[in-house]
Amino acid sequence: LGRDGEMLSARAEGATTASGGRLADLYLRYADGATRLAYLLTGDRQLAEDIVQDAFVKLAGRLAHLRDPNAFDAYLRRTVVNLSRSYWRRQKVERSYLKRERAAMGGEPLTPPSSIEDRESLWAAMARLPDRQRAAIVLRFYEDLSEADVAEILRCRPGTVKSLVSRGLEAMRQEIRGAER
Amino acid sequence: MNDVRDEIRELLRDKANEVPPHLEMPTSVTKRVGPRIVRNAAMLAVAAAVVIVVAGAGLRSVKEPTEQSFDTGTPPPATTTTCGTDALQATLALEGAAGSREGSIDLRNTGAARCTLEGRPKVVVFAEDGSQAPISTVNTDAFWQVDKMGTPGGWPVVTLDEGDTATVRFRWSNACDVGTSPTLRVSRQDGTAVAEIRVESFDVPPCNGPDQPSTLEIGPFEPSV
């Protein structure tokens with residue numbers, strides 16, 4: 001991580017071309033992990049790529065001002081979660097609109113696709129979790145972050161993280177029990 | 001399934017491995033990064049110029065001039081307008097949290113001109129029937145302060161080019177008798193309107209005490225990360 005500090009200090013001094021080179025180093029180092037996180041949060045690989053590119057562009061403009069340049073990966077993770085939340089928000093509005101439209105047209109309500117394989121039913125169950133529960137589960141069980149770290153990213157208390165994870169797991173257990181019947 | 005945790009860990013690892021490795025930074029990122037760095041540097045330069053000009057003016061007002069001074073030709077800061085309702089597209093990004101809704105009010109500059117926001121907005125709640133709901137407000141820190149990130153360039157002034165977004169940290173508790181589709185009016189402290197937001201039913205917090213006012217926790221304008 002000390003290498004990141006050197007990179008960012010150099011970026012603060014350098015011209016944009018040099019900065020681009022440093023950013024490319026950071027991209028190669030962190031883009032894989034960030035894209036995996038974005039994919040687990042959104043369930044959409046192309047969207048995950050877009051989110052990570054957006055995150056790097058946003059952070060590139062602020063690299064020189066980061067109070068702790070050694071924590072670039074933490075800033076990136078936080079930005080990816082925020083951008084994924086924006087996506088969730090748009091999805092929620094679109095789903096609400098579609099539901100109203102279908103109701104107005106007398107159509108059938110949208111139902112989630114049924115899954116056959118356990119693994120896929122688990123993935124589908126995760127996709128149906130409320131966004132904060134999903135984020136808490138991904139950050140706890142994939143990123144292996146502490147409750148305190150997850151709380152900082154989700155801007156809530158550690159106790160809330162515990163509750164989000166617990167409710168998310170329970171919802172997934174019930175989904176799986178339903179699929180097994 | 002006795003404990004779903006292990007299954008989830010395994011699933012997340014496997015799904016994550018579906019993402020192919022990145023061998024180089026896409027050129028699209030490189031192209032977008034350059035202008036942003038230049039723009040941020042320009043904003044810092046403008047902010048520094050303003051500080052120097054203001055400080056210089058302060059010194060001149062204290063000192064008696066010994067000879068007639070003349071304008072040294074310091075260029076004025078780049079002309080910007082304050083962001084108004086015509087340019088800003090407002091959205092709520094809230095999540096449910098223990099009887100409240102918390103997240104942010106996001107304000108995107110959809111106009112072609114650069115504009116600025118500064119300070120802490122006022123937020124007023126109008127019920128679905130148009131009546132103004134009783135509220136109490138609490139000032140909170142910005143996200144960047146909570147996250148212990150560096151001060152954003154130019155802050156507390158937030159400069160928005162076309163397509164840029166400003167954010168206001170926001171939490172709303174105890175909404176009673178506002179209907180399923182109330183409206184939030186966001187304005188500057190001087191009362192100038194910034195945006196109006198029609199709130200979707202899922203973003204309206206539950207009513208915890210009908211005799212108590214709604215509580216709004218409001219942060220200052222800040223650049224969206």
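In what follows, the structure referred to is the one given above.
In this text, all values refer to a predicted model and were calculated from it rather than measured experimentally.

Visitor: Would you mind going over the overall build of chain A in detail, with residue names and values included?
Guide: Check the secondary structure of chain A and you find eight helices and zero strands. Along chain A, helices (α) and strands (β) appear in the sequence α-α-α-α-α-α-α-α when read from the amino end. Residues counted as buried form 47% of the 181 residues belonging to chain A. Put simply, of all contacts in chain A between residues at least 6 apart along the chain, 62% involve residues at least 24 apart. In the form shown here, chain A has an accessible surface area of approximately 8800 Å², with 49% of it arising from carbon and sulfur atoms.

Visitor: Please set out unusual backbone geometry residue by residue, giving values where relevant.
Guide: All names here are of chain B. In this chain, Trp-155 is followed by Pro-156 through a cis amide linkage whose omega measures 15 degrees. The topology assignment puts Pro-156 in the loop between helix H3 (143-146) and strand E7 (157-160). If you check the backbone angles, Asn-174 has positive phi at about 60 degrees while not being a glycine. Look at Asp-177: it is not a glycine, yet its phi comes out positive at around 55 degrees. By relative accessible area, Asp-177 is classed as exposed at 71%.

Visitor: Mind laying out helix H7 (residues 147-154) of chain A, listing which residues take part and the relevant values?
Guide: Residue and element names in this part refer to chain A. Among the residues making up H7, those that are buried are Val-150, Ala-151, Ile-153 and Leu-154. Around the axis of H7, the buried residues are gathered within 165 degrees of arc, so they sit on the same side. Within two residues after H7, Arg-155 carries a phi angle of roughly 55 degrees, on the positive side.

Visitor: Lay out the packing of helix H6 (residues 131-141) of chain A against helix H1 (residues 4-16) of chain B in plain terms, naming residues and giving numbers.
Guide: Interaxial distance between H6 of chain A and H1 of chain B falls to 10 Å at its minimum, and their mutual angle equals 80 degrees. In this view, H6 of chain A runs roughly perpendicular relative to H1 of chain B, as classed from their interaxial angle. On H1 of chain B, the residues that touch Ile-137, Val-138 and Phe-141 of chain A of H6 of chain A are Arg-5, Ile-8, Arg-9 and Leu-12 of chain B. Class assignment for the residues of the contact of H6 of chain A with H1 of chain B results in five nonpolar, no polar and two charged.

Visitor: So what's going on with the packing of aromatic side chains? Residues and values would help.
Guide: Residues and elements named next belong to chain A. Considering all chains together, one arrives at five aromatic pairs over all chains under this definition. The interplanar angle of 50 degrees and the centroid separation of 5.7 Å between the aromatic rings of Tyr-39 and Trp-123 together place this pair among those described as tilted. Of this pair, Tyr-39 sits in helix H2 (residues 16-42) while Trp-123 sits in helix H5 (residues 118-127), and the two are 84 residues apart along the sequence. Accessibility assignment for this pair places Tyr-39 and Trp-123 in one class, buried.

Visitor: Residues and numbers for the sheet that holds strand E1 (residues 81-82) of chain B, please.
Guide: Residue and element names in this part refer to chain B. Ordered by their spatial adjacency, three strands build an open sheet running E1-E4-E7, and the pairing between neighbours is mixed. Each having just a single partner strand, E1 and E7 make up the two edges of the open sheet. Two strands pair when backbone bridges link them, and strand E4 (residues 115-118) and E7 are joined in this way by four bridges, in the antiparallel orientation. Of the residues in E7, the one forming a bridge with Leu-117 is Val-158.

Visitor: Describe the state of the cysteines, listing the residues and the values that go with them.
Guide: All names here are of chain B. By the definition in use, this model includes two disulfides over all chains. What pairs with Cys-83 in a disulfide is Cys-115, and their sulfur atoms sit 2.0 Å apart. Taking the sign of the S-S torsion, 95 degrees for the link of Cys-83 and Cys-115, the bridge is right-handed. In this pair, Cys-83 is assigned in the loop between E1 and strand E2 (88-97) and Cys-115 in strand E4, connecting sequence segments 32 residues apart.

The rules behind these values
- Residues numbered from 1 in each chain as written.
- Chains lettered and ligands numbered in written order.
- Predicted model: local features only at pLDDT ≥ 70, side-chain atom pairs only at ≥ 80, totals over all residues.
- Heavy atoms only, no water.
- Helix = DSSP H or I, 4+ residues; strand = E, 2+ residues; numbered from the N terminus.
- Buried < 20%, exposed > 50% of the residue type's maximum accessible area, 1.4 Å probe, protein only.
- Contact = heavy atoms within 4.5 Å.
- Areas by Shrake-Rupley, 256 points an atom, 1.4 Å probe, with all protein chains shown as cover.
- Arc of directions from axis to C-beta.
- Axes fitted to C-alpha atoms, helices over the stretch in contact; angles between N-to-C directions.
- Parallel < 35°, antiparallel > 145°, perpendicular 65-115°, else oblique.
- Nonpolar A, V, L, I, M, F, W, Y, C, P; charged D, E, K, R; others polar.
- Phe/Tyr/Trp six-rings, centres within 6.5 Å; stacked < 30°, edge-to-face > 60°.
- Pairing = 2+ DSSP bridges.
- Disulfide = S-S within 2.5 Å.

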